[in-house]
Amino acid sequence: MPGLVARVVVTPKRGLLDPQGKAVQQALHALGFGEVTDVRVGKYVELRLHDLAAADAEARVRAMCERLLANGVIEDFRLEVGTERT
Amino acid sequence: MRWGVVTFPGSNDDRDVLRVVERVLGDEAVSLWHKDTDLRGVDCVVLPGGFSYGDYLRCGALARFSPIMEAVRAHAAAGGLVLGTCNGFQILCEAGLLPGALVRNRSLRFVCDVVTVRVERTDTPFTYGCRTGDLLALPIKHGEGCWIADEATLAAVEAAGQIVLRYTDRAGRAVPEANPNGSMANVAGVCNAGRNVLGLMPHPEHAAERLLGGEDGLRLFRSAQAWLGRSAAGGRREPTVVPGP
């Protein structure tokens, strides 16, 4: 039975200043990619899970995000749970 | 007075605080380890600066789950004094003991400087010996000191007088040019609703001896001493304790 993999993307909250994204956007403009209108730099977290029913996985990973992986004051997160690719 | 200083893996200002407590204040200093579960009867617990857990994930995000933090939380809930400087401030925000969060400096640069902060409130244990409007020269050294909160939180914190210290110019004006990291409303230090927990980005422990460039930081330590002495004597200014940030 293949294991589960959760993929979590954490981003700065909309409307919140992201100086890192701003700096990357300026660099992209300097490189001639003028079509870029906004850049937000976040984090990607990949979790391998075992002994967990697929039906329960999303709630568990959501709890992990809320408690640790993302700070709700400044960050949003989205997640997906899938099976491990081999 | 008995001060406890917590060492997390990656703390680096812990010894500096212990030194100030023992050598400058002449108080009792207790070194606490992050795996301890007991604060050993300290009156004030200090979460020092540094890079706990390598600042992994987010500054302070992992330290907040250290075993000692349960004891710190209980101490705070019981009205005990808690002071967080720099990384300690970040940990207190991550732990939800203080409002808001600390993110990358708006300039994206690490800042190392001496700044002026204005005392906004004197009804906290750590500013008890100051006057409103007093200006303190304190060192800062951080890359993630930009304090932010959503609009509702900022408004609530302002209304409740929880902004204790603000960055200003030398004339005491909270202008944008005096803001070293982009913090909202020039916030340098903020307290909880109960006023017994204070977090600030500047380092009072590095401004406690003339030889090291200034003594303004001592005013925060001495305030706590005076406040504790006063409340022990049945003083009138003991803050009411409200749990939560």
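Analysis parameters
- Residues numbered from 1 in each chain as written.
- Chains lettered and ligands numbered in written order.
- Predicted model: local features only at pLDDT ≥ 70, side-chain atom pairs only at ≥ 80, totals over all residues.
- Helix = DSSP H or I, 4+ residues; strand = E, 2+ residues; numbered from the N terminus.
- Rg over C-alpha atoms; globule rule 2.2 N^0.38 Å.
- Buried ≥ 20, exposed ≤ 12 C-beta atoms within 10 Å, placed from the backbone.
- Pairing = 2+ DSSP bridges.
- Axes fitted to C-alpha atoms, helices over the stretch in contact; angles between N-to-C directions.
- Contact = placed C-beta atoms within 7 Å.
- Nonpolar A, V, L, I, M, F, W, Y, C, P; charged D, E, K, R; others polar.
- Expected span 1.5 Å × (residues − 1).
- pLDDT = per-residue confidence, 0-100.
- Arc of directions from axis to C-beta.

**Q** In this structure, what is going on with the overall build of chain A? I would like to understand it.
**A** A tally of helices and strands in chain A yields 2 helices and 3 strands. In sequence order, the secondary structure elements of chain A are arranged as β-α-β-α-β. Taken against the 2.2 N^0.38 rule, which gives 12 Å for 86 residues, the C-alpha radius of gyration of chain A at 16 Å runs more than 25% over that of a compact globule. Seen along its three principal axes, the alpha-carbon backbone of chain A occupies a region of about 50 × 30 × 15 Å.

**Q** It is not clear to me how the overall build of chain B should be interpreted in this structure. Could you clarify?
**A** Check the secondary structure of chain B and you find 5 helices and 11 strands. In terms of overall size, chain B behaves like a compact globule, its C-alpha atoms giving a radius of gyration of 16 Å where 245 residues would be expected to give roughly 18 Å. A principal-axis box enclosing the C-alpha atoms of chain B has dimensions of 45 × 40 × 40 Å. Across the 245 residues in chain B, those meeting the buried criterion constitute 56%.

**Q** Help me understand the sheet that holds strand β1 (residues 4-12) of chain A, please; the structure alone is not making it clear to me.
**A** Adjacent strands of a sheet form backbone hydrogen bonds with each other and so pair up, either parallel or antiparallel. Residues and elements named next belong to chain A. Strand order in the open sheet made by the 3 strands is β2-β1-β3, with antiparallel pairing throughout. Across the chains shown, the open sheet's two edge strands, defined by having one partner strand only, are β2 (43-49) and β3 (75-83). Strand after strand, the sheet turns through a mean of 20 degrees between neighbouring axes, direction not considered. Where β1 lies against β3, 9 bridges are found, and the strand directions are antiparallel. Each bridged residue has a counterpart across the sheet, and for L4 the counterpart in β3 is T83. Packing against the sheet, helix α2 (residues 54-69) makes contact with β1, β2 and β3, and its axis sits at approximately 150 degrees to β3.

**Q** Just checking my understanding: could you explain the interface of chain A and chain B for this structure?
**A** How big an interface is tends to be stated in terms of accessible area lost as the parts join. With 9 residues of chain A at the contact, the number on the chain B side is 11 residues. Within the side of chain A that touches chain B, the residues separate by chemical class into 7 nonpolar, 2 polar and no charged.

**Q** What exactly am I supposed to notice about the environment of A207 of chain B here?
**A** Residue and element names in this part refer to chain B. Within the secondary structure layout, A207 lies in the loop between β11 (197-200) and α5 (218-232). Expressed as a C-alpha distance, the spacing of A207 and L136, which sit 71 residues apart in the sequence, is 9.6 Å. Among residues more than four places away in sequence, those in contact with A207 are A137, L138, P139, G213, G214, E215, D216 and G217.

**Q** In this structure, what is going on with the sheet that holds strand β10 (residues 187-191) of chain B? I would like to understand it.
**A** All names here are of chain B. Taken in spatial order, the 9 strands of this open sheet run β2-β1-β3-β4-β11-β10-β9-β6-β7, and their pairing is mixed. Strands at the two margins of the open sheet, each flanked by one partner only, are β2 (28-33) and β7 (135-142). Neighbour to neighbour, the strand axes of the sheet diverge by 25 degrees on average, direction disregarded. Of the pairings in the sheet, the one linking strand β4 (residues 81-85) to β11 comprises 4 bridges and is parallel in character. The residue of β11 that forms the bridge with L83 is L198. Packed on one face of the sheet, helix α2 (residues 68-77) meets β1 (2-7), β2, β3 (44-47), β4 and β11 and runs near 125 degrees to β4.

**Q** I tried to follow helix α1 (residues 19-30) of chain A on my own but got confused; where do I start?
**A** Given 3.6 residues to a turn, an α-helix orients residues that are three or four positions apart in the same direction. Across its 12 residues, α1 of chain A extends 17 Å between first and last C-alpha, which sits within 8% of the 16 Å expected from 1.5 Å per residue. After α1 of chain A finishes, the residue G32 of chain A shows a positive phi value of roughly 95 degrees.

**Q** Could you clarify how one ought to interpret the environment of G143 of chain B in this entry?
**A** Residues and elements named next belong to chain B. Along the chain, the position of G143 falls in the loop between β7 and β8 (146-148). Sequence separation between G143 and G189 is 46 residues, and the spatial gap between their C-alpha atoms is 16 Å. Once residues within four sequence positions are removed from consideration, G143 is found in contact with R104, N105 and F110.

**Q** Which parts of the structure should I look at to understand the pairing of β10 of chain B?
**A** Looking along a regular strand, one sees the side chains alternate between the two faces of the sheet. All names here are of chain B. Burial of β10 is extensive: 5 of the 5 residues sit out of reach of the surface. Two strands pair when backbone bridges link them, and strand β9 (residues 163-168) and β10 are joined in this way by 3 bridges, in the antiparallel orientation. If you follow R166 over to β10, its bridge partner there is V187. Turn length for the β10-β11 hairpin, with the two strands adjacent in sequence and antiparallel, is 5 residues, and the turn residue R195 shows positive phi of about 70 degrees.

**Q** Would you take a moment to explain the confidence of the model for chain B for this structure?
**A** Low-pLDDT portions of the prediction should not be read for the details of their coordinates. Confidence in the prediction of chain B, expressed as mean pLDDT, is 94, and 94% of residues score 70 or more. Predicted complex, confidence summary: ipTM 0.86, pTM 0.92.

**Q** Would you explain helix α1 (residues 14-24) of chain B in this entry?
**A** All names here are of chain B. Listing the buried residues of α1 in full gives D14, V17, L18, V20 and V21. Each buried residue of α1 sits inside an arc of 160 degrees when the element is viewed along its axis, so together they form one side. Trailing α1 by a residue or two, G26 shows a phi angle of about 70 degrees, which is positive.

**Q** Could you clarify how one ought to interpret unusual backbone geometry in this entry?
**A** Keep in mind that most residues, glycine aside, have a negative phi and that most peptide bonds are trans. Residues and elements named next belong to chain B. If you check the backbone angles, N186 has positive phi at about 55 degrees while not being a glycine. With respect to the element layout, N186 can be found in the loop between β9 and β10. Here N186 falls in the buried class, since 23 other C-beta atoms lie within 10 Å of it. Here the phi dihedral of R195 falls at roughly 70 degrees; this positive angle occurs in a residue that is not glycine. Within the element layout of this structure, R195 appears in the loop between β10 and β11. Judged by the 25 C-beta atoms lying within 10 Å of it, R195 falls in the buried class.

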